[in-house]
Amino acid sequence: MIENIETPEKQAMDADQPVSQPFHLPVELSLDQCIKCNICITACPVAAVTDLFPGPKYEAPQGGRFRMPGQPTPDHSVDYCSGCRACNLACPTGVKIAEMNARARHTLVEQGKVPARLRLRNNLIARTELLGGLAQPIAPLSNAVLANPLARKAAEVTLGIAAKAYFPPFARERFTAWFKKTSKARAQRAAHSNEADCPAASPQKQVAFFHGCATEYYEPRLGRAAIFVLEALGFEVIVPRQNCCGLPLLSNGEFDAARQAHQRNVKSLVEFARQGIPIVGTSTSCTLTLKEEAPELLDMHDEATRLVAENTYDFNEFLLLQPTFYELPCAPIPLTLPYHQPCQYRGHRLGNPAVGVLARIPALTILESHATCCGIAGTYGYKKEKYEIAQAVGEPLFEFIKSVGAPLAVCDSETCRWQITHGTGLPAVHPVELLAASLGSPTEGVLAKVLRLRHTRQEA
Amino acid sequence: MKIIDTEILVIGGGATGTGILRDLAMRGFRAVLVEKRDLTHGTTGRFHGLLHSGARYAVKDPAAARECIEENRILRRIMPHCIEDTGGFFVQTPWDDPAYAKRFLRGCHEAGIPVEELSAPQMLAREPLLNPNVTRCFHVPDAAADGFAAAHANVNAARQYGAQALPYHEVTRLLTDTGRVQGALCQDLVHDEPVAIHADLVINAAGAWVGKIGATAGVEIAIRPGKGTMIAVNHRIVNTVINRLKMPSDGDILVPAHTVAVMGTTDLQVPDPDQFAIEPWEIELMLAEGEKIIPGFRQMRFLRAWAGVRPLYQETKTGPSRDITRSFVLLDHEQRDGLAGLLTITSGKWTTYRKMAAVTVDKACEKLGTRRECRTHLERLPQPDSDRTPAPRRHHTLGERLAHVEHAQAYGDLICECELATRSDIEQAIANGQAHTLDDIRRDMRLGMGPCQGGFCTLRAAGLWHCLKEPSPEAQATNAALRDFLQERWKGVLPVLWGQQLRQERLNELIYLNVLNLDHLPGPTASPLRPENYLPPGHNPQPGEGQPTPASQPPPAAIRRLPPVDALVIGGGLAGLTAAWRLVCRGHKVRLVTKGWGATHWGAGCIDVLGYYPIESHQAIESPLLAMARLALEQPAHPYARLSMKQIGEALRAFQELCAGAGYPLHGSLERNWLLPTAAGAFRPTCLAPETMIAGDLTDKAPMLIVGFSGYHDFYPQLVAANLQEQGIPARAVLLDSAALAGLQRRRIDALTLARLFEQAPFRSAVAQALLSHLDQAERLGFPAVLGLRDPLRAMRGLESLLGRRIFEIPGLPPSVPGLRLHQILVEAIQKSGGQVIEGAEAIGSQPSQNGRQIEAVWTEAAARPLAHVARHYILASGGFLGGGLMTSATGEVGERVFGLDIQSPQNRLEWVQRQFLHPSGHPIFRAGAQTDAQFRTVYENVYALGGALAGDFVRERSLEGVALASGFYLGEALA
């Protein structure tokens, strides 16, 4: 059990003006940092399970010295990098390996080396909004198709979408639709609770919620939980106009489309950033994209992009920085649950804020997986040619989760949760769902079932 | 004495000599070429690799410009595989006279050099790093040329026409008789025997050395060698040749050459072509001029510097002996000095080498009374036999090697990873018999020319060399070749050793000293074919302009802070992990932040406490306890002197207990060092070794079988066994065929591939099966240290029961599987007790308190904004120069980054390192480190320094792990 974050001293919580990192090393120049020491190779979960990926050192700092525009490299091997960033975190010298690989993949796309069929497939699975926008309104039908083995086999043969890969069902109602529908009622409740229970919370505090595509189309319950927690902290939650963060496009080498996506988000979000309103997201990959990946990979270094990046927070990171968070009355949840920190979450380089947040819930025991990656890496594991690799990468994690013997697993990132469910048969929830439940929010879905069961058992 | 008779003898294996040899052979002469070292050993191997368009000389020397463009066109046609068609820019920076452009354009026009002007945006689109303040940019047909490949192509062509080239044949003197040169007496350096070569005509094409050759026959040829120094940037920062738009001068060319960019050059007369230094002011000049072309140039990583000597001829006699063209010199000594049978050709540029050869051979024909037409411009030069596909039909390109590796899926077959030289490349270079040193392989295959400068490939190349070289070398000869090559690489990095390259060299030192113990292998420290060092700097002093100290970045204001902890440990090596482990065990809240992983992954995975003392000693320490007692008396500031022997013993015992608890016992004690074999076959003194290694102890003389796997390029059992034999241990080697082992039919076999396989029983059975017939007298079997990551004991015992022999591991090149195990054990112990480990979190600054006596916060780098950490104690365990805790700059500053601690080091950068890589006293810079009091406290009351961050050369002492563990343990306990 890990309980490494304790109640902070409030004076340590300065909320000064955002500052930039003291230096910025451009991606390609970072290869000069490499001392060839091979540590990245020991960290790479993909090279560990397949020969198709020659490893982070080979692809990035090594291959990088031989790449220039208009030449017949890179080859497809770089496409087997899942972008999990384990190499970046292990590298003692600061080579931006994952970023170099993402750029090399973009070169593949630019050079027309990705066959048209696979590029179509990549664009289909990378455009989560397009998929969600089309399929969610007809959720029952879409879900039936996704669950149909024949349809999935056809998709594998024609498009190369792995037939066995797990697609979550579309939600009946979008998150934003729910948010609009309930805004009045929530405002009233907030006004009431401010007067009654929570004098500490100031009503003027605002936060912009970046829900991401998964919450919007698949798991609106997670958004509801997040809103509940934020409102319990006394925040007025704004859901700004937003679109996909562009990460799936970035990791498929579709930089032009990703740039458009990020530019649109920046345009909409920067007005909040300018007012000092934090932008908070529950999807750790979306927030990392806003913070760093998009600006870095797309060379967007303008002021607006920077402001958005500097004002974006991962949900748990944000909670830990709120003095009021430590005063929230959390009810016990007497469960022992396995927790997996997604690779993209480690990429924030913040340690493990989710564990710190969950440590607030009495009686809840969290066992950390310390696994490198679940394997799915966004869209990676959905591809026919990479499905087996993704499953092999996830194997140690699956083993760990199964060994805990809990009714569910906890994980911050959507595709990782789905991959965990696919690999272990166990449902997976976001930490915020547990926190909301502990704060008295009506629980939904699998968590509701587990907690109800637990309750019944206790009574019996 | 060996005697060779020929028609024409050519002296000098550079561009001119090899060009002449081909021309002679094509015109039907019997010809022999001698070169004192390898081909291109002289100036040809040390120029910046520029095929001139002639534009550089358009104003200064129109005749040379015309010659260049003519030859440029011919060379592109006849040797496309040696030319990379980069094109060239002439850029007008704010420092260049705008009036020059007009003269430049007129000159190019008159010489017939095509010029095209580019707009600034067009230029920056092609070369984004160029100075945006460039006002004009002209494109010309400059190109990058491979002087090594071209010389080889010329010699190969000549050989096809029946000529002979003899490298490592040094001319002792010209043979003269009655006013006529009749050949030369040479020394065959490889076989160390004299060879007399008789010829009707001798062509002295020895470049800057023609004067020395002439002098042996009493002829005065006044050569003023003009030294030019160049530096190479770690990667191609430009893909076009960049020239400054001005009269040719120093430091005004930047050439993309293969994987690097070469900045050059200086021009300085030196008295002797064999005796010159690379001066610091020359390096400074390159940096300053480079900065004008590419802003930020100064901060880039430089791989090495080198200098060549241009042969500048000064006529001392009058008469019609000088050739009409001013760009080179052809002397007919019969006319000039009354000495028949000798021509001298010198000066000139690489670009015009073919023309120089043609004119020389024309003259030779005249001398021999025959008329034969030159055809060298008509025929293409042969490309080297190679399995590289597709064979380049066009000019060679940067991406060619990568494309080949990708096409052949040869990812797992790289010997020199930096330059992508494959095993078959190296084998070919060895097997064709022309490679007499590892350095010859480098010239053929670019071995060791990349960022690590031989750090990883030297052992591999030596391993292959030992197995394949004909006649089979003695172990001692291979050891000398290995040391020679490390020294050859070292001499070139010396002038640019700061920053990341110094860090690289410290890693190389760790590999070759700590892991391989190369400095204690049997055999001479160098071979007769060793490379000459440059002279030490100071021979051509010229005050370099000073450079302002780059001010350290003020730490950014905190915007967010993680909740405070008791101790923040900075660094994830053995010292930091140990301190964190002790503190969490005592119930403290600990956060360990680390940029990445470190020394555990590089070392041997043992605990070296003290291997050699004093470090110059050849004799390994038997009892660390006794030696430490002496050290503590003699070096009171040493970390060991600040601890009692009891404390050090406790630290070791506690760590042993931890490892034993994790099922990975470490054996040994302070009373006695183990002597364990290294992957080079040396004896390595170490204090604690894992159970998987101790059966290799060399105080036991039981016969060994050393086992390797084909395709695993980090371990050469033949070399290990040969060296062990040499030192009196009966040892044999076997190389198992990986393709025949179930599970190992892999495209890429590295230490981790093998380690994962050894965890599986079926694989172990397959290995045991394959070994049964090789066991013979062997009582113990040495494997590379790859017997599993998680449960190596099980793998070892499994093999032992299958084979009925003792099994041991031999650690080798990084990554270190045994080191990974120790790392894993410590990290898990910390996490189990509630400690927090944050990876990828580089500490970038700190906030001192107002009175300056304490630290209040430390920042780490994180996505979008830094993260502040508040702790009661800050423990600096970020290592030394290798770990990244200490940084160095070109101007000689040595700094500690997080707290700005004062680091005592030699003031002058020239005193940082020795001129010998393996110098027994070690390099002074690596003794630098943080100063602390007896409790490891720094100038700040709540900041402590540990392990590699402390002052002392723990790599040379072989005390790296001991110091880390002892200081980490002591501090952890003291603060708890």
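On a predicted model such as this, the values are computed, not experimentally measured, just so you know. (Residues numbered from 1 in each chain as written. Chains lettered and ligands numbered in written order. Predicted model: local features only at pLDDT ≥ 70, side-chain atom pairs only at ≥ 80, totals over all residues. Heavy atoms only, no water.)

**What about the overall build of chain A?**
Of the regular secondary structure elements, chain A holds 22 helices and 8 strands. In terms of C-alpha radius of gyration, chain A reaches 22 Å, essentially the compact-globule figure of 23 Å for 460 residues. With the C-alpha coordinates of chain A rotated into their principal frame, the extents come out at 70 × 50 × 40 Å. Classification of the 460 residues of chain A by burial places 64% in the buried group. Across chain A, contacts joining residues at least 24 apart in sequence account for 78% of those joining residues at least 6 apart. Just so you have it, chain A exposes about 16900 Å², and 57% of that area is on carbon and sulfur atoms. A gap of 6 Å separates the mean positions of the 46 positive and 45 negative side-chain charges of chain A. (Helix = DSSP H or I, 4+ residues; strand = E, 2+ residues; numbered from the N terminus. Rg over C-alpha atoms; globule rule 2.2 N^0.38 Å. Buried < 20%, exposed > 50% of the residue type's maximum accessible area, 1.4 Å probe, protein only. Contact = heavy atoms within 4.5 Å. Areas by Shrake-Rupley, 256 points an atom, 1.4 Å probe, with all protein chains shown as cover. Lys, Arg positive; Asp, Glu negative; His and termini not counted. Charge placed at Lys NZ, Arg CZ, Asp CG, Glu CD.)

**Side note on the pattern of salt bridges**
Summed over all chains, the structure comprises 86 salt bridges over all chains. With its nearest N and O atoms 2.6 Å apart, the salt bridge here joins R221(A) to E433(A). With a gap of 212 residues between them, R221(A) in helix α11 (residues 220-232) and E433(A) in helix α21 (residues 431-438) connect regions that are remote in the sequence. Neither R221(A) nor E433(A) differs from the other in exposure class; each is buried. For the salt bridge of E317(A) with K291(A), the shortest nitrogen-to-oxygen distance reads 3.1 Å. Taken together, the residues E317(A) in helix α16 (residues 315-320) and K291(A) in helix α14 (residues 284-297) connect sequence positions 26 residues apart. We note that E317(A), like K291(A), is buried. Connected through shared salt-bridge partners, D38(B), R304(B), D439(B), D440(B), R442(B), R443(B), E488(B) and R489(B) make up one network. (Salt bridge = Lys/Arg side-chain N within 4 Å of Asp/Glu carboxyl O.)

**Some points on the interface of chain A and chain B**
Between chain A and chain B, the residue contacts involve 78 residues of the former and 79 residues of the latter. Here chain A meets chain B over a buried area of about 6900 Å², counting both sides, of which 55% is carbon and sulfur. Taken as a group, D51(A), R65(A) and F66(A) account for 12% of the area that chain A buries against chain B, more than any other trio of residues on that side. At the junction of chain A and chain B, the tally comes to 6 salt bridges. Salt-bridge contacts for D51(A) lead to R748(B); the nearest nitrogen and oxygen are separated by 4.0 Å. At the surface where chain A touches chain B, the tally comes to 31 residue pairs in polar contact (both at pLDDT 80 or more). Going through the elements one at a time, α1 (39-43), α2 (56-62), α3 (86-90), α14, α15 (303-310) and β4 (312-314) of chain A are the ones with two or more residues in the side of chain A that touches chain B. Among the residues making up the side of chain A that touches chain B, the classes are represented as 38 nonpolar, 23 polar and 17 charged. (Buried area = accessible area lost by both parts, 1.4 Å probe. Polar contact = N/O pair within 3.5 Å; in protein donor to acceptor, adjacent residues only side chain to side chain. Nonpolar A, V, L, I, M, F, W, Y, C, P; charged D, E, K, R; others polar.)

**Focus on the sheet that holds strand β6 (residues 365-368) of chain A**
Strands in a sheet are paired, the pairing made by backbone hydrogen bonds, and the direction either parallel or antiparallel. Residue and element names in this part refer to chain A. Read across the sheet, 4 strands follow the order β6-β5-β7-β8 without closing on themselves; strand pairing throughout is parallel. Each edge of the open sheet is held by one strand with a lone partner, namely β6 and β8 (428-429). The pairing of strand β5 (residues 336-340) with strand β7 (residues 409-411) spans 2 bridges and is classified as parallel. Paired with Y339 across the bridge in β7 is V410. (Pairing = 2+ DSSP bridges.)

**Focus on unusual backbone geometry**
Of the consecutive residues T73(A) and P74(A), the connecting peptide bond is found in the cis state with omega at 5 degrees. Considering the arrangement of structural elements, one finds P74(A) in the loop between α2 and α3. A cis amide bond links P814(B) with the next residue in sequence, P815(B), at an omega value of 10 degrees. Tracing the chain through its elements places P815(B) in the loop between β34 (806-810) and α23 (817-832). At T178(B), a residue that is not glycine, the phi angle is positive and equals roughly 40 degrees. Here the phi dihedral of R958(B) falls at roughly 60 degrees; this positive angle occurs in a residue that is not glycine. Counting through the fold element by element, R958(B) comes out in the loop between α24 (954-957) and α25 (960-975). Since its relative accessible area comes to 2%, R958(B) is described here as buried.

**Things to note about the packing of aromatic side chains**
Tallying each qualifying case throughout the model produces 27 aromatic pairs over all chains. Centre to centre, the rings of F167(A) and Y382(A) are 4.7 Å apart; their planes meet at 40 degrees, and the pair counts as tilted. Here F167(A), found in the loop between α8 (149-159) and α9 (175-196), pairs with Y382(A), found in the loop between β6 and α19 (387-404); they are 215 residues apart in sequence, far enough to count as distant. The same class applies to F167(A) and to Y382(A), which are both buried. Seen in terms of ring centroids, Y218(A) and W418(A) are 5.2 Å apart; in terms of plane orientation they differ by 65 degrees. Their pairing is edge-to-face. Placement of the pair is Y218(A) in the loop between α10 (212-217) and α11 and W418(A) in helix α20 (residues 414-424), with a sequence separation of 200 residues. Among the residues examined, Y218(A) registers a relative accessible area of 12% and is labelled buried. The structure contains a cluster of three or more aromatic residues connected by ring pairs, namely F175(A), W178(A), F179(A) and F209(A). The aromatic ring of Y534(B) is capped on one face by K491(B), whose charged end is 5.1 Å from the ring centroid. One cation-aromatic arrangement involves R865(B) over Y313(A); the distance from NZ or CZ to the ring centre is 3.9 Å. (Phe/Tyr/Trp six-rings, centres within 6.5 Å; stacked < 30°, edge-to-face > 60°. Lys NZ or Arg CZ within 6 Å of the ring centre and 35° of its normal.)

**A few points about the packing of helix α16 (residues 574-585) of chain B against α23(B)**
Residues and elements named next belong to chain B. One can describe the packing of α16 onto α23 by two numbers: an axis separation of 9 Å at closest approach and a directional angle of 30 degrees. By the angle between their directions, the pair α16 and α23 is classed as roughly parallel. Between α16 and α23 lies a crossing of left-handed hand. Contact with α16, carried on its side by L574, L577, T578, A580, W581 and V584, involves H823, L826, V827, A829 and I830 of α23 and no other residues of that element. Broken down by class, the residue content of the contact of α16 with α23 amounts to 9 nonpolar, 2 polar and no charged. (Axes fitted to C-alpha atoms, helices over the stretch in contact; angles between N-to-C directions. Parallel < 35°, antiparallel > 145°, perpendicular 65-115°, else oblique. Left-handed = near helix turned anticlockwise from the far one by under 90°.)

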